[in-house]
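Coordinate analysis (summary)
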Amino acid sequence: MVDQVRVLRLLRAITDDLSVLRREADADDERRADPIWLRGVKYTFVTAIEACVDVAQHLCAARGWGPPADNGDAVRLLGDHGALAPNLARSLRKAVGFRNVLVHDYITVNDDIVITRLGDLGDLDDFVRQIVVHVSAEDA
């Protein structure tokens, strides 16, 4: 059974992270010059994407859609089962890869990519909206 309170709490955390990222997208040059600024942006991306993964893993377990092979696979399963639009699931799966790079430093992180992603947060917004619709459909 889906724990709607847990899912909604995670979605709220994503929404809060998105607010921070939007504010930082508008940061002036002085703020961006602070060495901690980019680290904070990266960490906020990590926590937002990690919350998406937590939602995906929970829904997969609660619905019996797994077990997923990994975090990206959990997001893919959301698309396969209609909790997310398939194109959004593919995009979010790439975001999980981005999170892995940020967390594990598999490759040298290109800060320009981080800044570019800061200007395009629509997929995370869409994730929240689509999961709210999916979970709310249970109540109907």
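A brief structural summary. Just so you know, these numbers come straight off a predicted model, no measurement behind them. (Residues numbered from 1 in each chain as written. Predicted model: local features only at pLDDT ≥ 70, side-chain atom pairs only at ≥ 80, totals over all residues. Heavy atoms only, no water.)

All chains considered together, the criterion is met by nine salt bridges. Of the charged contacts in the structure, one is a salt bridge between R76 and D80, with a shortest N-O distance of 2.2 Å. With a gap of four residues between them, R76 and D80 both fall in helix α4 (residues 71–80), about one helical turn apart. Residue classification places R76 among the partly exposed residues on the basis of a relative accessible area of 29%. Through salt bridges with shared partners, a single network forms among R23, E24 and R31. (Salt bridge = Lys/Arg side-chain N within 4 Å of Asp/Glu carboxyl O. Helix = DSSP H or I, 4+ residues; strand = E, 2+ residues; numbered from the N terminus. Buried < 20%, exposed > 50% of the residue type's maximum accessible area, 1.4 Å probe, protein only.)

Residues F45, L78, F127 and I131 are the most contacted members of the largest nonpolar core, which totals 46 residues. Elements represented by at least two residues in this core include exactly α1 (4–25), α3 (35–63), α4, α5 (86–104), α6 (111–118) and α7 (122–136). If you tally residues by element for this core, the top one is α3, at 14 residues. Not counting residues within four places of it along the chain, the set of residues in contact with F127 comprises L11, I14, C52, V55, L78, L84, L88 and L92. (Core = buried A, V, L, I, M, F, W, Y, C linked by side-chain atoms within 4.5 Å. Contact = heavy atoms within 4.5 Å.)

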